[in-house]
Amino acid sequence: LAKTTQPISMDSYEGQEVNITCSHNNIATNDYITWYQQFPSQGPRFIIQGYKTKVTNEVASLFIPADRKSSTLSLPRVSLSDTAVYYCLVGDRPNDYKLSFGAGTTVTVRA
Amino acid sequence: EAGVAQSPRYKIIEKRQSVAFWCNPISGHATLYWYQQILGQGPKLLIQFQNNGVVDDSQLPKDRFSAERLKGVDSTLKIQPAKLEDSAVYLCASSVRQAANEKLFFGSGTQLSVL
């Protein structure tokens, strides 16, 4: 069972970079690391996914070290609209395709 | 492209009553998921379908919850009878297929209040 551990909450200010680290010590060889974002009254939304090294898209960057036991989601220059809950997911054994959400990290961006 | 549609958006019932939620996934998505999200917690997977077959229902309280996915498209989730602790948002998600790198697309959910 690949469980993830994230900080419960993080505070930031507009224009700063926010880095959220997720631990997944029992990650399996075929697991990808996926991050979702959830705003109040909405379902989670896919942000970024990676397997190893670094992935970047228009929203965020994902850094994965060689041992893959952790990953860091980086949100550059956050704005008030980035205030949300961020979830880190890996596969959930024995169902390889099951994605289990933890409590996530509540990111609050202040002006 | 149309997203995952869910209805109703809100539902208020009394305990011991029955309730049903409906989900229409993105066209062509073979995999469908129902999640329960209690206030302040992350979504918990209740049941996962691949086409019209159940892949995982290990966390579905089968004495009161049931779900079906007729013809491998739309799905309904039913609670009968409801308990106070069933108050939550019920999220439906779909993906193209089952795969380790598959992306899930979520609907806006149905907020259930059991009084």
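Use the structure listed above.
Residues numbered from 1 in each chain as written. Chains lettered and ligands numbered in written order. Predicted model: local features only at pLDDT ≥ 70, side-chain atom pairs only at ≥ 80, totals over all residues. Heavy atoms only, no water.

1. Comments concerning the overall build of chain A
Piece 1. Each helix and strand counted, chain A has zero helices and 11 strands in total.
Piece 2. Written out in order from the N terminus, the α and β elements of chain A read β-β-β-β-β-β-β-β-β-β-β.
Piece 3. Taking 111 residues into account, the globule formula puts the C-alpha radius of gyration at 13 Å, and chain A, at 13 Å, falls close to it.
Piece 4. A burial count over chain A gives 46% of its 111 residues as buried.
Piece 5. Of the accessible surface of chain A, which amounts to about 5,500 Å², a share of 51% is contributed by carbon and sulfur atoms.
Piece 6. Across chain A, the centroid of the 10 positively charged side chains sits 5 Å from that of the 9 negatively charged ones. (Helix = DSSP H or I, 4+ residues; strand = E, 2+ residues; numbered from the N terminus. Rg over C-alpha atoms; globule rule 2.2 N^0.38 Å. Buried < 20%, exposed > 50% of the residue type's maximum accessible area, 1.4 Å probe, protein only. Areas by Shrake-Rupley, 256 points an atom, 1.4 Å probe, with all protein chains shown as cover. Lys, Arg positive; Asp, Glu negative; His and termini not counted. Charge placed at Lys NZ, Arg CZ, Asp CG, Glu CD.)

2. What to know about the interface of chain B and chain A
Piece 1. If you look at the interface, chain B gives 24 residues, while chain A gives 18 residues.
Piece 2. Here chain B is connected to chain A by zero salt bridges.
Piece 3. Summed over the shared surface of chain B and chain A, the result is five residue pairs in polar contact (both at pLDDT 80 or more).
Piece 4. Breaking the side of chain B that touches chain A down by element, the ones donating at least two residues are strand E4 (31-37), strand E5 (44-50) and strand E6 (53-56) of chain B.
Piece 5. At three residues, the largest contribution of residues to the side of chain B that touches chain A is made by E4 of chain B.
Piece 6. Across the side of chain B that touches chain A, the residue classes break down as 10 nonpolar, 10 polar and four charged. (Contact = heavy atoms within 4.5 Å. Salt bridge = Lys/Arg side-chain N within 4 Å of Asp/Glu carboxyl O. Polar contact = N/O pair within 3.5 Å; in protein donor to acceptor, adjacent residues only side chain to side chain. Nonpolar A, V, L, I, M, F, W, Y, C, P; charged D, E, K, R; others polar.)

3. Thoughts on the sheet that holds strand E3 (residues 19-24) of chain B
Residues and elements named next belong to chain B.
Piece 1. Pairing is antiparallel across the open sheet formed by four strands, whose spatial order is E1-E3-E8-E7. Of all the strands in the sheet, the pair left with one neighbour each is strand E1 (5-7) and strand E7 (65-68). Each strand of the sheet is rotated relative to its neighbour by a mean of 15°, with strand direction disregarded.
Piece 2. Where E7 meets strand E8 (residues 75-79), four bridges bridge the pair, whose relative direction is antiparallel. Bridge assignment links Ala67 to a residue of E8, and that residue is Leu77. (Pairing = 2+ DSSP bridges. Axes fitted to C-alpha atoms, helices over the stretch in contact; angles between N-to-C directions.)

4. Remarks on the pattern of salt bridges
Piece 1. All told, the structure shown has four salt bridges over all chains when counted by the stated rule.
Piece 2. Between Arg97 of chain B and Glu102 of chain B there is a salt bridge, and its shortest N-O distance comes to 3.1 Å.

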